[in-house]
Amino acid sequence: MNDTRKNIQKSIIEVLFFRGFFPEIFKSYFDLKASFFSQLAKCKSESRLLAYGFTISILLFFERLPGKVVSYSSEGFQRSLLPAIGIDLFASIFFVPLFLYLVSAILHLALLSFRGKASFFESRLAFFWSIIVCAPILLIFSLVESFSPDIFPVNVIKYITVVLSAWILSSLLCAAEGFSSHLPLFFSLLVSYLFLLSLIP
C-alpha cells in the first residue's frame, strides 16, 4: 500500500514538474526555437490549437485578476467584485480566442510579405505558444504591480517585461517562418510598442 502511494506521488511530481505542460513552458526559456519545434511535433490538429487559445484566455484572465482585486479593494468594495470577475472570465473565454486568431492572421500575412515560409497553422502555433510562454512573466509583473507598487520599481519591471515578451514572440515567430535572425522583428515590436505608448495621453 505504501509503495503504491509512493509511486502515485512520484508520478504526480513527474507530470507536474518534469513531463507536463508547465515544465515545457519552463524548459522553453532555455531554447525557444527548440520549444517551437517540440510543440509542432505534438500539435497536429486544430482542436489542440484551439485548446491553446482557451488556455491563453484563462492565463490572461489570471494576469488581470490581481489588478482587479486591488482596484475593488481600494474602492472599499462599493461594487460587487464577483459579478465583475464573472463577466471578465466570460469575455475572456469567448472573445480572446477570436482576437488571437485575428492577430495571428494579420501577423502571418505581414510575415509572408517578407518571404516567411510558415503555413498559417504553423504561424498560429508559434504565436499561441509565444503568449503561453510569456504568461508567467506577465503574471509576475501583474502581481508586483498590484501588491508591491511601492517596493519595486514598477516602470523598470514593466519595460523588462516588454523586452522579454518581444524577444520571446520574435524568436518563436521567426523560428516558424524560417528567418535566419529574429532581431529585425524584435526591434520592430519594440518600436511599435513605443509608438503605441506615445499615442496614449
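Conventions we followed
Residue numbers here run from 1 along each chain, matching the order of that chain's written sequence. Totals for whole chains, interfaces and linings use all residues, but because this is a predicted model, local features are given only for residues with pLDDT of at least 70 and pairs of side-chain atoms are given and counted only at 80 or more. Remark: hydrogens and water are excluded; side-chain values derive from all non-hydrogen atoms of the structure. Here a strand is any run of E in DSSP of at least two residues, a helix any run of H or I of at least four, and the numbering for each starts at the N terminus. Each residue's exposure class comes from its accessible area (1.4 Å probe, protein chains only) as a fraction of the maximum for that residue type: buried when under 20%, exposed when over 50%, partly exposed otherwise. For this analysis, residues touch if any pair of their heavy atoms sits within 4.5 Å. Using a 1.4 Å probe, accessible areas were evaluated by the Shrake-Rupley method; residue-level cover was limited to the displayed protein chains. By convention, a stacked pair of Phe, Tyr or Trp rings (six-membered ring in the case of Trp) has centres within 6.5 Å and planes under 30 degrees apart, an edge-to-face pair has planes over 60 apart, and any other such pair is tilted. Whether a charge sits over a ring depends on NZ of Lys or CZ of Arg being within 6 Å of the ring centre and within 35 degrees of the ring normal. To obtain an axis, a line is fitted to C-alpha atoms, over the contacting stretch when the element is a helix, and the angle between two such axes runs from 0 to 180 degrees between their N-to-C directions. Roughly parallel refers to an angle under 35 degrees, roughly antiparallel to one over 145, roughly perpendicular to one between 65 and 115, and oblique to any angle outside these ranges. Crossing handedness: left-handed means the near helix sits turned counterclockwise from the far one by under a right angle, and right-handed means the same turn made clockwise. Just so you know the grouping, Ala, Val, Leu, Ile, Met, Phe, Trp, Tyr, Cys and Pro go in nonpolar, Asp, Glu, Lys and Arg go in charged, and all remaining residues, Gly too, go in polar. By convention in these notes, a salt bridge is any Lys or Arg side-chain nitrogen within 4 Å of a carboxyl oxygen on Asp or Glu. What pLDDT expresses is the predictor's confidence in each residue, scored from 0 to 100. For this analysis, a polar contact is any N or O atom pair within 3.5 Å, provided that within protein one partner can donate a hydrogen and the other can accept it, and provided that sequence-adjacent residues contribute only side-chain to side-chain pairs.

A. Broad picture of the overall build of the protein chain. Within the protein chain one finds eight helices and zero strands. Out of the 201 residues belonging to the protein chain, those deemed buried represent 36%. Of the contacts made within the protein chain by residues no fewer than 6 positions apart, 69% connect residues no fewer than 24 positions apart. Taken as a whole, the protein chain presents about 12400 Å² of accessible surface, with 72% of it coming from carbon and sulfur.

B. Region of interest: the packing of aromatic side chains. Tallying each qualifying case throughout the model produces nine aromatic pairs. The interplanar angle of 90° and the centroid separation of 5.4 Å between the aromatic rings of Tyr 101 and Phe 128 together place this pair among those described as edge-to-face. On the criterion of sequence distance, the pair formed by Tyr 101 in helix 5 (residues 81–112) and Phe 128 in helix 6 (residues 120–147) is long-range, its members being 27 residues apart. For Tyr 101, a relative accessible area of 22% puts it in the partly exposed group. Three or more aromatic residues link up through ring pairs in this structure, and these residues are Tyr 101, Phe 127 and Phe 128. Its guanidinium or amino end placed over the ring of Phe 120, Arg 124 lies 4.3 Å from that ring's centre, counting from NZ or CZ.

C. Quick peek at the packing of helix 3 (residues 32–42) against helix 6. Direction vectors running N to C along helix 3 and helix 6 enclose 120°, while the axes themselves pass 10 Å from each other. Considering the angle they form, helix 3 stands oblique to helix 6. As for the relative orientation of helix 3 and helix 6, their crossing is right-handed in sense. Contacts between helix 3 and helix 6 pair Leu 32, Ser 35, Phe 36, Gln 39 and Leu 40 from the former with Glu 122, Leu 125, Ala 126, Trp 129 and Val 133 from the latter. Tallied by class, residues from the contact of helix 3 with helix 6 come to seven nonpolar, two polar and one charged.

D. Spotlight on the pattern of salt bridges. On inspection of all chains with the given rule, the structure shows three salt bridges. The partner of Glu 24 in a salt bridge is Lys 42, and the shortest N-O contact between them spans 2.3 Å. Residue Glu 24 is located in helix 2 (residues 21–28), and its partner Lys 42 is located in helix 3; the two are separated by 18 residues in the primary sequence. Close ionic contact of Arg 124 with Glu 46 constitutes a salt bridge, the shortest N to O distance being 2.4 Å.

E. How the structure looks around unusual backbone geometry. Phi is positive for Arg 115, close to 65°, though the residue is something other than glycine. Looking at the secondary structure, you find Arg 115 in the loop between helix 5 and helix 6.

F. Representation of the confidence of the model for the protein chain within the structure. Overall, the prediction assigns the protein chain a mean pLDDT of 80, with 81% of residues at 70 or greater. Within the protein chain, helix 3 carries the highest mean pLDDT (90), whereas helix 1 (residues 2–19) carries the lowest (50). In the predicted structure, residues 11–17 sits below a pLDDT of 50 and forms eight contacts with residues beyond four places in sequence or in another chain.

G. Summary view of the packing of helix 2 against helix 6. Across the interface, helix 2 lies against helix 6 with an axial gap of 10 Å and an inter-helix angle of 90°. If you check the angle between helix 2 and helix 6, you find them roughly perpendicular. The residues of helix 6 that touch helix 2, namely those facing Phe 21, Glu 24, Ile 25 and Ser 28, are Trp 129, Ile 132, Val 133 and Pro 136. Here the residues of the contact of helix 2 with helix 6 sort into six nonpolar, one polar and one charged.

H. Examining the side chain of Ser 142 more closely. Looking at the element boundaries, Ser 142 is found in helix 6. In this structure the side chain of Ser 142 is engaged in a polar contact, spanning 2.5 Å, whose partner is the backbone oxygen of Glu 63. Not counting residues within four places of it along the chain, the set of residues in contact with Ser 142 comprises Glu 63, Pro 66 and Gly 67.

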